[in-house]
Amino acid sequence: MGRVDVNPGPLADIAAQLMAGDKGLLAIDESNGTCNRRFAALGIVQSEENRRRWRELIVTTPDLGQSISGVILYDETLHQATADGRLFVDLLAEAGILVGIKVDTGANPLAGFPGETITEGLDGLRERLHGYAGKGARFAKWRAVFNAEDGTPSAACIDTNAQALGRYAALCQEVGLVPVIEPELLMAGDHDIEYCAKLSQMILETVFSQLSAQRVLLEGMILKPNMVLAGSDCVDQATLQRIVDATATCLLRAVPAAVPGIAFLSGGQSPELASARLNAMNARSQRRLPWPLAFSYARAIQQPALALWAGEDGNFGLAQQALVHRARCNRAARRGEYVASTDLPS
């Protein structure tokens with residue numbers, strides 16, 4: 001049996017702040033390896049100092065708090081400061097942005113199931129969560145990854161990752177952190193949208209069964225799922241209306257109404273498509289859904305700014321303008337007011 005709390009308390013308050021108004025989340029929680037690969041693709045020197053400079057550019061962007069309610073950090077970033085010594089967590093708090101932290105340690109091969117992974121990081125997690133809360137974090141994130149190729153994901157992969165998500169969520173709530181639950185069915189592959197819908201529903205149903213079994217307070221969490229899309233190599237790419245209908249149906253069948261909000265991941269979509277699809281869901285389906293639909297994007301907000309910055313101090317201002325522009329585009333998409341044809345930086 002799940003929890004029966006009458007008053008959800010502070011956890012629900014934090015979740016409500018994250019979903020409030022027309023804002024969303026910005027994920028800057030890439031591991032060092034992932035961040036370095038993105039630097040390499042743009043010819044930026046891969047170093048801790050450049051990672052710090054890039055994250056400084058983000059957290060000092062003027063007016064970011066107008067569109068962003070929470071920023072998800074990586075462990076390295078949580079402890080970093082600006083060149084003049086101001087802690088990133090303090091700057092975010094001053095901007096009215098809640099601090100989040102990625103707490104899983106990444107996906108590793110699932111023994112006995114070639115091509116599938118299990119996300120790890122539960123060992124010592126309780127102690128780490130206490131430390132993160134002491135540093136100013138108010139929410140956390142854990143990502144489970146599933147493939148949709150060659151007969152995957154298996155039931156064992158779904159079950160094992162769902163159990164880990166439930167354990168992580170329970171530990172977060174124990175120390176007062178809101179868990180962001182991220183089960184991601186990857187876009188890679190040639191599967192059609194119907195297959196994505198079937199697998200996404202199966203994954204979400206299993207995850208929420210585990211959350212209930214482990215007594216996770218639904219009002220004190222945020223769901224970060226993939227949109228229901230055809231695989232990136234599928235010849236039949238669905239229309240916006242099919243995406244809206246398939247995603248809404250999947251969520252209605254699998255996600256309890258008690259969940260305070262859904263913040264979609266971008267999952268490799270282009271910045272413009274991520275905004276347009278979120279906009280379509282809010283414009284066409286929001287009235288029949290019990291949850292607000294927000295965004296928790298990483299590359300779909302960061303990438304244009306990163307390309308403009310290119311590691312050069314002289315590009316700092318232009319990159320910040322691009323970053324806040326993409327955040328504003330997604331803020332408009334939450335209202336169903338994003339217009340792709342006018343998506344140009346101001």
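What comes next concerns the included structure.

Conventions we followed
- Residues numbered from 1 in each chain as written.
- Predicted model: local features only at pLDDT ≥ 70, side-chain atom pairs only at ≥ 80, totals over all residues.
- Heavy atoms only, no water.
- Helix = DSSP H or I, 4+ residues; strand = E, 2+ residues; numbered from the N terminus.
- Rg over C-alpha atoms; globule rule 2.2 N^0.38 Å.
- Buried < 20%, exposed > 50% of the residue type's maximum accessible area, 1.4 Å probe, protein only.
- Contact = heavy atoms within 4.5 Å.
- Areas by Shrake-Rupley, 256 points an atom, 1.4 Å probe, with all protein chains shown as cover.
- Lys, Arg positive; Asp, Glu negative; His and termini not counted.
- Charge placed at Lys NZ, Arg CZ, Asp CG, Glu CD.
- Phe/Tyr/Trp six-rings, centres within 6.5 Å; stacked < 30°, edge-to-face > 60°.
- 1 Å grid on protein atoms, 1.4 Å probe; cavity = no way out; pocket = protein on both sides within 12 Å on 5 of 7 lines; lining within 4 Å.
- Points joined across faces, edges and corners; volume = space filled by probe spheres on them.
- Nonpolar A, V, L, I, M, F, W, Y, C, P; charged D, E, K, R; others polar.
- Patch = residues over 30% accessible without salt bridge, like charges linked within 9 Å, V, L, I, M, F, W, Y side chains within 5 Å.
- Salt bridge = Lys/Arg side-chain N within 4 Å of Asp/Glu carboxyl O.
- Expected span 1.5 Å × (residues − 1).

## Some words on the overall build of the protein chain
Assigned secondary structure in the protein chain consists of 12 helices and 10 strands. Taking 2.2 N^0.38 as the reference for a compact globule, 346 residues should give roughly 20 Å; the C-alpha atoms of the protein chain span a radius of gyration of 19 Å, in line with that estimate. Principal axes of the C-alpha set define a box for the protein chain whose edges measure 50 × 45 × 40 Å. The buried share among the 346 residues of the protein chain stands at 56%. Contacts in the protein chain between residues at least 24 apart in sequence constitute 78% of all its contacts with a sequence separation of at least 6. Accessible surface for the protein chain amounts to roughly 14,000 Å². Of this, 51% is attributable to carbon and sulfur atoms. Distance between charge centroids for the protein chain: 4 Å, based on 32 positive and 38 negative side chains.

## Some details on the packing of aromatic side chains
Scanning the entire structure with this criterion turns up four aromatic pairs. Within the aromatic cluster, the residues linked to one another by ring pairs are Phe39, Trp54 and Trp309.

## Topic: the layout of surface pockets
In this structure, the largest pocket occupies an estimated 790 Å³ of space. If you go around the largest pocket, you meet 35 residues; those closest to its centre are Thr34, Arg38, Lys141, Arg143 and Glu184. Across the lining of the largest pocket, the residue classes tally to 12 nonpolar, nine polar and 14 charged.

## Here we look at the side chain of Asn279
Assignment of secondary structure puts Asn279 in helix H10 (residues 271-284). Look at Asn279 and you get buried, because its relative accessible area is 11%. Ignoring anything within four residues of it in the chain, the contact list for Asn279 reads Ala332, Ala333, Gly336, Glu337 and Tyr338.

## Quick notes on empty space enclosed by the protein
To find leftover empty space, a probe the size of one water molecule is rolled over the atoms. One pass over the full model with this rule turns up three cavities of 30 Å³ or more. Considering only enclosed or pocket space, the largest cavity measures out at about 90 Å³ in volume. As for the largest cavity, its lining consists of 13 residues, of which Leu185, Met187, Asn226, Met227 and Leu229 are closest to the centre. Residue composition of the lining of the largest cavity, grouped by class: seven nonpolar, five polar and one charged. Estimates place the volume of the second largest cavity at around 60 Å³. Residue assignment for the lining of the second largest cavity shows that the elements contributing at least two residues are helix H2 (32-41) and helix H11 (299-309). Residues that form the lining of the second largest cavity fall into these classes: four nonpolar, two polar and three charged.

## As for a negative patch on the surface
There is a patch of like negative charges on the surface, built from Glu149, Asp150, Asp190 and Asp233. Looking at the secondary structure, you find Asp233 in the loop between strand S8 (222-223) and helix H9 (240-254).

## Notes on H10
Across its 14 residues, H10 extends 20 Å between first and last C-alpha, which sits within 8% of the 20 Å expected from 1.5 Å per residue. Taken across its 14 residues, H10 has 10 buried, putting it largely inside the fold. Taken together, the buried positions of H10 are occupied by Pro271, Ala274, Ser275, Ala276, Arg277, Leu278, Asn279, Ala280, Met281 and Asn282. Buried residues in H10 make contact with H9, strand S9 (262-264), strand S10 (293-297), H11 and helix H12 (316-334).

## So, the pattern of salt bridges
Under the counting rule described, the total for this entry stands at 21 salt bridges. One salt bridge connects Asp22 with Arg331, and the closest N-O pair in it is separated by 3.0 Å. Within this pair, whereas Asp22 is found in the loop between helix H1 (10-19) and strand S1 (24-28), its partner Arg331 is found in helix H12, the two being separated by 309 residues in sequence. Classification of Asp22 as buried rests on a relative accessible area of 16%. Among the ionic pairs, Arg126 bridges to Glu174, the shortest N-O distance being 2.6 Å. Here Glu174 lies in helix H7 (residues 155-174) and Arg126 lies in helix H6 (residues 125-134), a separation of 48 residues in the sequence. Taking relative accessible area as the criterion, Arg126 reaches 36% and is therefore assigned partly exposed. One continuous salt-bridge network, built from bridges that share partners, spans Asp29, Lys141, Arg143, Glu182, Glu184 and Lys224.

## Notes on the environment of Asp63
As for its placement among the helices and strands, Asp63 is situated in the loop between helix H3 (48-59) and strand S2 (68-73). A residue is classified by how much of its surface remains accessible, and Asp63, at 42% relative accessible area, is partly exposed. For the pair Asp63 and Leu199, spaced 136 residues apart in the sequence, the C-alpha separation amounts to 39 Å. In this view, Asp63 contacts Val324 and Arg328; residues no more than four positions away in its chain are not counted.

## Thoughts on the environment of Cys196
Of note, Cys196 is situated in helix H8 (residues 193-213). The contact partners of Cys196, leaving out residues within four places of it in the chain, are Leu185, His191, Asn226, Met227, Val228 and Leu229.

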